[in-house]
Amino acid sequence: MENQVENDLLKNVVALCKRRGFIYPGSDLYGGFANTYSYGPYGSELKKNIRDMWWKRFIHAREDMVGMDGPILLHPKAWEASGHVAGFNDAMIDCKKCKARFRADHLVEKELNRDVEGLAVEELNALIQEHKLHCPKCGASEWTNARYFNLMFSTQMSKTAASQDDIAYLRPETAQAIFLDYKNIIDTMRVQIPFGVGQIGKAFRNEITPGNFIFRVIEFEQMEIEYFIKESDWELYFEKWLNEMWLWCEDIGLQKSHLSLLEHPKEKLSHYSKRTVDIMYNFPFGRQELYGLAYRTNFDLTQHSEHARVKLEYTDPKTNEKYLPHVIEPTFGLDRTILALLCEAYEEQALPNGEMRTVLHLSPKIAPVKAAIFPLMKKEPLAQKAKDLFDTLKNIWNVQYDEMGAIGKRYRRHDEVGTPFCLTVDFDTLEDNTVTIRERDSMQQTRIAIDKVIPYLAERLK
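All figures in this text were calculated on a predicted structure; none of them were measured in a lab.

*Asks:* Hey, could you run me through the packing of helix H2 (residues 41–60) against helix H9 (residues 234–252) in this one?
*Replies:* Working note: a packed helix pair is described by the angle between its axes plus the distance between those axes. At a minimum axis separation of 12 Å, H2 and H9 run at an interaxial angle of 140°. Looking at the two axes, H2 sits oblique to H9. Once H2 is placed against H9, the crossing between them reads as right-handed. Residues Ile50, Met53, Trp54, Arg57 and Phe58 of H2 form the contact with H9, whose own contacting residues are Trp241, Glu244, Leu247, Trp248, Asp251 and Ile252.

This is the structure in structure tokens:
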């Protein structure tokens, strides 16, 4: 029963996202394009609000941080240096009957309940054949041989005949753009260690088994930081950043009880990492990674220094000590953040009158629309008075004017998109210049003078 409720939650969230203009299936006009999505009018506002809140918190509000916006296409040698060309591979396997594709290691781990970390593709094939593993989709036991599959999307840079030397890659992470411009930032921004570089941008991974709505997609957005430190200080700053990430989760509206930490065992660490901790969230489809924090040592700068043959040492301005900085990397998945917040905020409530309402309890800080302004009736002078209030507020916040349908239906519409406040202009407004403010979560209504509306909202939207 619990699993059914959780499955229904995800289905309901997906349906709400399309119905109310948060997220649409990609290329929906042509029947969709697998694992791609468009953010609609409300979704793009929600996304922007999270981006802006993250940037203000981690870039503008900190003296030890700067921001940048690197290109999606980097020099191909950068991906050779980082290890992505040779090592950014998963073993995939196809069911011959239904053509479904799976990660071979995940298939074996799930079906045999055993850890297969580090096994070669030949060993995975042997286990699949020996145990006659069944396809999770159709139940058949007819498999292709597992083979390695690079997760990077490649593209051709040449305008004429293509060759191997013309291959470039869409970045699978935003981190390498920061490492490539680390020296430029050192030289131009007068930063001193410890300092960090933050970036928000798209990344692309040709995932074998994407799914669960926007949880795992082939085109996604990261909010990522590379924080440069002395090696001796890595444990101190690792704990500080873990705490900062946890506080961020709480601040955007995720419940502590839905969050947990997962320490990666040493044998499962990425090749560049000496320690990795994931912040996990209880999604409807299970406990999954939301954010990650990794101590990347000085692996990346060492690799790029050697491959580019450029010295990337930092010189301490006080001691003249030269060293290659180490790096703490906090990574925030923007799409996963949005999915977690939608699942967290979604509720179907039974009202005292027997009706049901669907409401998104989004934090006012990130809600797509901050307030909706209604005239009680679609007639003058009520409509003009409401439009005047709308014109005043729209210069400060993203607000909406709504005169279509009964007041109750308008409330329900804005409950579904998470609008925290609705303001109604009625006939009393014409007499005493007051409006009714209705609060989304409690549905309580308060009468307030129009000249007090801005400070009232400002206090509750900050």
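*Asks:* Would you take a moment to explain unusual backbone geometry for this structure?
*Replies:* Comment: phi is negative for the bulk of residues other than glycine, and the bulk of peptide bonds are trans. The linkage connecting Ile193 with the following residue, Pro194, adopts the cis geometry, with an omega of 5°. One can find Pro194 in the loop between helix H8 (182–189) and strand S9 (195–204). For Ser27, which is not a glycine, the phi torsion comes out positive at approximately 55°. If you trace the backbone, Ser27 turns up in the loop between strand S1 (23–25) and strand S2 (37–39). Of note in the backbone geometry, Asn433 takes a positive phi value of approximately 60° without being a glycine. Residue placement: Asn433 occurs in the loop between helix H14 (427–432) and strand S22 (434–439). Classification of Asn433 as partly exposed rests on a relative accessible area of 35%.

*Asks:* Where do I start with the environment of Glu239 in this structure?
*Replies:* Turning to its location among the elements, Glu239 is positioned in helix H9. With relative accessibility at 42%, the residue Glu239 sits in the partly exposed group. Between the alpha carbons of Glu239 and Leu293 there is a distance of 9.7 Å; along the sequence they are 54 residues apart.

*Asks:* Please explain the sheet that holds strand S20 (residues 399–401) as it appears in this structure.
*Replies:* With mixed pairing, the five strands of this open sheet are ordered in space as S20-S19-S21-S22-S23. Edge positions in the sheet fall to S20 and strand S23 (445–449), since each has one partner strand and no second. Here the strands of the sheet are splayed against their neighbours by 25° on average, with no regard to which way each runs. Pairing of strand S19 (residues 371–375) with strand S21 (residues 421–425) involves five bridges; the strand directions are parallel.

*Asks:* What exactly am I supposed to notice about the side chain of Asp335 here?
*Replies:* Assignment of secondary structure puts Asp335 in helix H11 (residues 334–345). With relative accessibility at 6%, the residue Asp335 sits in the buried group. For Asp335, the side chain forms a polar contact with the side chain of Tyr39, separated by 2.7 Å. There is a polar contact of 2.7 Å between the side chain of Asp335 and the backbone nitrogen of Glu221. Apart from the residues within four sequence positions on either side, Asp335 is in contact with Tyr39, Lys47, Ile214, Phe220 and Glu221.

*Asks:* Help me out: how do you make sense of the pairing of S22 in this one?
*Replies:* Taken residue by residue, a regular strand's side chains alternate between the two faces of the sheet. Most of S22 sits inside the fold, with five of its six residues counted as buried. Sheet analysis places S21 next to S22, joined by four bridges and oriented antiparallel. When the sheet's bridge partners are listed, Thr424 is paired in S22 with Thr436. Pairing geometry for S22 and S23, over five bridges, is antiparallel. Bridge assignment links Arg438 to a residue of S23, and that residue is Gln445. Where S22 folds back on S23, the antiparallel hairpin that results is connected by five residues, among which Met443 adopts a positive phi of roughly 65°.

*Asks:* Explain H9 to me, please; I cannot follow it from the model alone.
*Replies:* Since the α-helix packs 3.6 residues into each turn, any two residues three or four apart lie on the same face. Here H9 contains 19 residues, and its C-alpha end-to-end distance of 27 Å stays within 8% of the 27 Å for a straight helix at 1.5 Å per residue. Taken from the residues just after H9, Gly253 is the one with a positive phi, measuring 110°.

Rules and cut-offs
Residues numbered from 1 in each chain as written. Predicted model: local features only at pLDDT ≥ 70, side-chain atom pairs only at ≥ 80, totals over all residues. Heavy atoms only, no water. Axes fitted to C-alpha atoms, helices over the stretch in contact; angles between N-to-C directions. Helix = DSSP H or I, 4+ residues; strand = E, 2+ residues; numbered from the N terminus. Parallel < 35°, antiparallel > 145°, perpendicular 65-115°, else oblique. Left-handed = near helix turned anticlockwise from the far one by under 90°. Contact = heavy atoms within 4.5 Å. Buried < 20%, exposed > 50% of the residue type's maximum accessible area, 1.4 Å probe, protein only. Pairing = 2+ DSSP bridges. Polar contact = N/O pair within 3.5 Å; in protein donor to acceptor, adjacent residues only side chain to side chain. Expected span 1.5 Å × (residues − 1).

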